[in-house]
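# Examining the three-dimensional arrangement
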Amino acid sequence: MSRTGPRNPSRTRRLTTAQALVTFLARQYTERDGRRHRLISATWGIFGHGNVAGIGQALVEAGNGTRNGNGTRNGNGNGNGNDHGNGHGTRTRPRMPYLQGRNEQAMVHAAVGYARQSGRLSAHAVTTSIGPGATNLVTGAALATINHLPVLLLPGDTFATRPADPVLQQLEVPYAGDVSVNDCLRPVSRYFDRVTRPEALIPAALQAMRVLADPAETGAVTLALPQDVQAEAYDWPEEFFAERVWRVRRPAPDTAELEAAVRAVRSARRPLIVAGGGVRHSAAEETLAAFTAATRIPVASTQAGKGALRHDHPADVGSIGHTGTATADELARTADLVIGVGTRYTDFTTASGTLFENPAVRFLNLNITGFDAHKLAALPLVADARTGLEALTSALAGRGYRIDPAYETEYTGAKEAWEEQVEASFTTPDPTARPTQTQVLGLLDTLVTEEDILINAAGSLPGDLHKLWRTRSRDQYHVEYGYSCMGYEIPAAIGVLLATEAQGHEGRPVWALVGDGTYLMNPTEIVTAVQENLPLRLLILQNHGYASIGGLSEAVGGERFGTAYRHRDPDGGFTGPPLPVDLAANAASLGMRVLRATTVDDLRKALAEARSAEGPTCVYVETETPDTVSGPPPAQAWWDVPVAETASRPAAVTAREEYDRRVAARRHHL
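What comes next concerns the included structure. Computed from a predicted structure; not experimentally measured. (Residues numbered from 1 in each chain as written. Predicted model: local features only at pLDDT ≥ 70, side-chain atom pairs only at ≥ 80, totals over all residues. Heavy atoms only, no water.)

## Regarding the packing of helix 16 (residues 437-447) against helix 23 (residues 600-611)
One can describe the packing of helix 16 onto helix 23 by two numbers: an axis separation of 10 Å at closest approach and a directional angle of 45 degrees. When the interaxial angle is binned, helix 16 and helix 23 end up oblique. Note on packing geometry: the crossing formed by helix 16 with helix 23 is right-handed. Contact residues: Gln439, Val440, Leu443, Leu444 and Leu447 in helix 16; Val600, Leu603, Arg604, Leu607, Ala608 and Arg611 in helix 23. (Axes fitted to C-alpha atoms, helices over the stretch in contact; angles between N-to-C directions. Helix = DSSP H or I, 4+ residues; strand = E, 2+ residues; numbered from the N terminus. Parallel < 35°, antiparallel > 145°, perpendicular 65-115°, else oblique. Left-handed = near helix turned anticlockwise from the far one by under 90°. Contact = heavy atoms within 4.5 Å.)

## As for the sheet that holds strand 18 (residues 379-382)
Spatially, 6 strands are ordered 15-14-13-16-17-18 in an open sheet, and the strand pairing comes out parallel. Two strands lie at the open edges of the sheet, namely strand 15 (316-319) and strand 18, each paired on one side alone. Between one strand axis and the next, the sheet turns by 20 degrees as a mean value, whatever way the strands run. The pairing of strand 17 (residues 362-367) with strand 18 spans 4 bridges and is classified as parallel. Looking across to strand 18, one finds that Leu366 is bridged to Leu381. (Pairing = 2+ DSSP bridges.)

## Describing the pairing of strand 3 (residues 28-32)
Here strand 3 lies mainly inside the structure; 4 of its 5 residues are buried. Across 4 bridges, the pairing between strand 3 and strand 12 (residues 244-247) is parallel. Note on strand 12: the bridge partner recorded for Tyr29 is Val245. Taken together, the 4 bridges between strand 3 and strand 4 (residues 35-38) define a ladder with antiparallel strand orientation. (Buried < 20%, exposed > 50% of the residue type's maximum accessible area, 1.4 Å probe, protein only.)

Right under this line is the structure:
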């Protein structure tokens, strides 16, 4: 971190704590590879008694009180901007732009989408009142922290001075007077502080920025702000408001670790790279391509890593794990060295510890965190993904390492065979029929270019996308699967749209793909997209229930209980007719233009029309029901979901027998 502004310790500025925080945030920047970015480029907020007179008033002071006369959006960029109005009743970019949300969880999702699209170099803040506004942040905070994506949370808190105890919405804890509902955010935050005095903001704010800009530590950061402290004035040292640049480091690998990694690669006959989200966070895609060009080692990708190589790159063998391709999973079963680059090795990636079957398999993990680098008893290579790959490529260059040509022929041939299955899944032979889910993806596949961005998070779509989607650019595939949070897609798409606009790429088509279950969880930010006139493309797939969990329920003996959206039958179950819920009408009522499609041909035309639309547009299609969904190849690897050990129903008994057979193959890599 460096300070670039004037320094005069004797000067002070009298501001409220909230005004000081907003002023401070407007002067924070990140820098990586010589490029500077605004660290906190905007603040989302829903106001209540716990923040309206504090952060809310401070945002008005920061230039949000008067709009530009032309009615255009302003203040979502990540550059320097203009800190001051022009004195004529209009304003240029506010010092801290404000964005209005409808649901606190959704505001965090939007901020996360913005941070991911911004390469974690620019982020948003989210402010809420005390009580339910604050606790609504918890799910979004967990998603941000699990995915290592920065977001600054500024929930209001109960009075620090306790003039009235309890106040409205206060949680009373008989054994502790210093606990509030905001303490729920502690386990899902990478840094948490409660600012109980104005002067305590100074160290808290600096620590918050340090964590947000740290590529290994970043995630949700929470500064809980008691409502009385927000409004309290203090004489702040002017130096607190100096410009600060937080350099996002690219740590190089340790020499001894690098030499051990080189020996491991050179001795491997069937190596396989597993590319995770760290490749994207480090902007290491070109470096990975250079490494594979030199070694010809195949690359499989996790959900977060998909797009590390284009789908048509010779070394790309598709996705790995439970939702992986047959090509990648078979290579994983026979690999003698697995090179993890920026991956956390979740259970979907490892098929719950059953995927890497070779008795001689060893792991080499290149990761910016030591915690992840040591997983699976691996040789650690603790470094930034790009820096580490560059060092590994250079170290191998003079030693003549390249995989056996027969191995390369093997995986390229297997990839071609898998592509035939993808093509068969995407085929739509009857243009008058109702499409299956995979046929919907196939139609979208024919339409998009490398400019398009697809956003998804939960249900059966992530599995189909991971197996089948042909990723055309490094940032096209945006599937949040670290937390797999239903309701993420629509607000995240708004964040992505704001980020692409800030990057000067306004006009990139951004698609939010949602099933009916996800849509019903969190459609409220459609109103935000309409308010901001953001060209969100929303694709709603109606299949009358939770298709993914319905299939899993059937597989584990749950008999699809509670997974269909249907009327109750006379016996009390849910096997009656589908509920007469019209999601298209709902989206239209929130202000979207809606295009309904009933057949394959209708859908093809509607998708094309939506892609060229200038405002928020929804395509609604009813797909085949969960009982008859067809198309994608089955799972190529197992996933451990425990099955009832004792049961009277035949479905559960049979499922347990299969479970016992599968779990016997699990191993610990020591």
